[in-house]
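Observations on the model geometry
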Amino acid sequence: MELVLGILLAGAVVVIVVQTARESGRAERGAAPPTGPVSFVADGVAVITLDLTVTDPAADAVQRIVDDAVTRAFAAIPDAAEIEVRDEAGTVLARRRRERPRNVSIPTELYEPHALRRAGPDPSAAHGWDEPMSAGAMPGVQKDLDPLTVPHRLLAERLDLPQAVASHLVESGGADDAVALVRALLEAGGHLVEGTGETMRVGSTCVVVIRAPIGEPVGAGPLNQAYLRYAESGASRGLVVSPGFMDPLEVRRREVLAPEVLHAGPVGIQRMADAVALGADPLRFAAAPPLSGG
């Protein structure tokens, strides 16, 4: 009898542990909720408050931050049909409704296969050429055409930066350097930045910059190296910043495993610049628009 009770008790403990683990896993896999309070003023209308005070709601910097906050709020609050965004003073900055997917009707004839047809006569047949006529074979067409080249744009030119920050980067020669850009934004936001190179210390936060062309994929190797630099710094929080593209799924996985280390890509760098333009803390805006109480 005691053996049976012991088995039942052990089984109950296992069930509780498994259930707790499942609930924890579901919470980790869910969408990251907005940091800060969210209140419902009416059925389906959620109100979020940005952690800043706005004087010009129509400014580009404000609208970019509002758009980002609304997108995140809709993803994190599935019951919200409409989001109202306010600043700390209670000013309504925007009110957006959730967009519903539209049903697109495709004509049935588009599903039917069609034989390939030429748009016009083949000029190579008229001239007796075996190969299709190329641009170089056409009368009056230059053979050696210059390849299409796209002028290189500096990193600072690809972002909407405050004038003081942009001027400083041009004067210092750092307009195309991600490290110089991030450092300039942090200093313009009133922070004392310690350290040189890709690893910087701002108070209790270690900021690691991964140099990469804007939009280029950032692999696991540089991300791992950035985390090791944070771990070696002894800081309590970390921020990995890069103009390159960091896979959102990979970033989410890393932030679940190490929530004290956040990541910011090109959008995050622009958000830091917008925070500086609005007199807010760029460090707090790097990973996501922060929300405040009230």
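Up top is the structure.
In this report, the structure presented in the accompanying data block is examined.

Reading the values: rules and limits
- Residues numbered from 1 in each chain as written.
- Predicted model: local features only at pLDDT ≥ 70, side-chain atom pairs only at ≥ 80, totals over all residues.
- Heavy atoms only, no water.
- Helix = DSSP H or I, 4+ residues; strand = E, 2+ residues; numbered from the N terminus.
- Buried < 20%, exposed > 50% of the residue type's maximum accessible area, 1.4 Å probe, protein only.
- Contact = heavy atoms within 4.5 Å.
- Arc of directions from axis to C-beta.
- Polar contact = N/O pair within 3.5 Å; in protein donor to acceptor, adjacent residues only side chain to side chain.
- Pairing = 2+ DSSP bridges.
- Right-handed = clockwise from strand over helix to strand, strands pointing away.

As a further point, take the side chain of Asp274. Topologically, Asp274 is positioned in helix α8 (residues 266-277). Since its relative accessible area comes to 2%, Asp274 is described here as buried. Contact partners of Asp274, with chain neighbours within four places excluded, come to Ala61, Arg64, Ile65 and Asp160.

Turning next to helix α7 (residues 248-257). Along α7, the residues classified as buried are Val251, Arg254 and Glu255. The buried residues of α7 occupy an angular sector of 95° when the element is viewed end-on, so they sit on one face. The exposed residues of α7 that point more than 90 degrees off its buried face are Leu249 and Leu257. Looking at the packing, one finds that the buried side of α7 touches α6 (220-233) and β8 (261-264). Sitting at the head of α7, Asp247 places a side-chain oxygen 3.1 Å from the backbone nitrogen of Leu249.

As a further point, take the pairing of strand β3 (residues 82-86). Counting buried positions along β3 gives four out of five residues, so the element sits mostly inside the fold. Direction of pairing for strand β2 (residues 45-49) relative to β3: parallel, over a ladder of five bridges. Bridge pairing in β3 links Val47 to Glu84. Following the chain from β2 across helix α2 (residues 60-76) to the adjacent parallel β3, one finds a crossover that is right-handed. Turn length for the β3-strand β4 (residues 92-97) hairpin, with the two strands adjacent in sequence and antiparallel, is five residues, and the turn residue Gly90 shows positive phi of about 90°.

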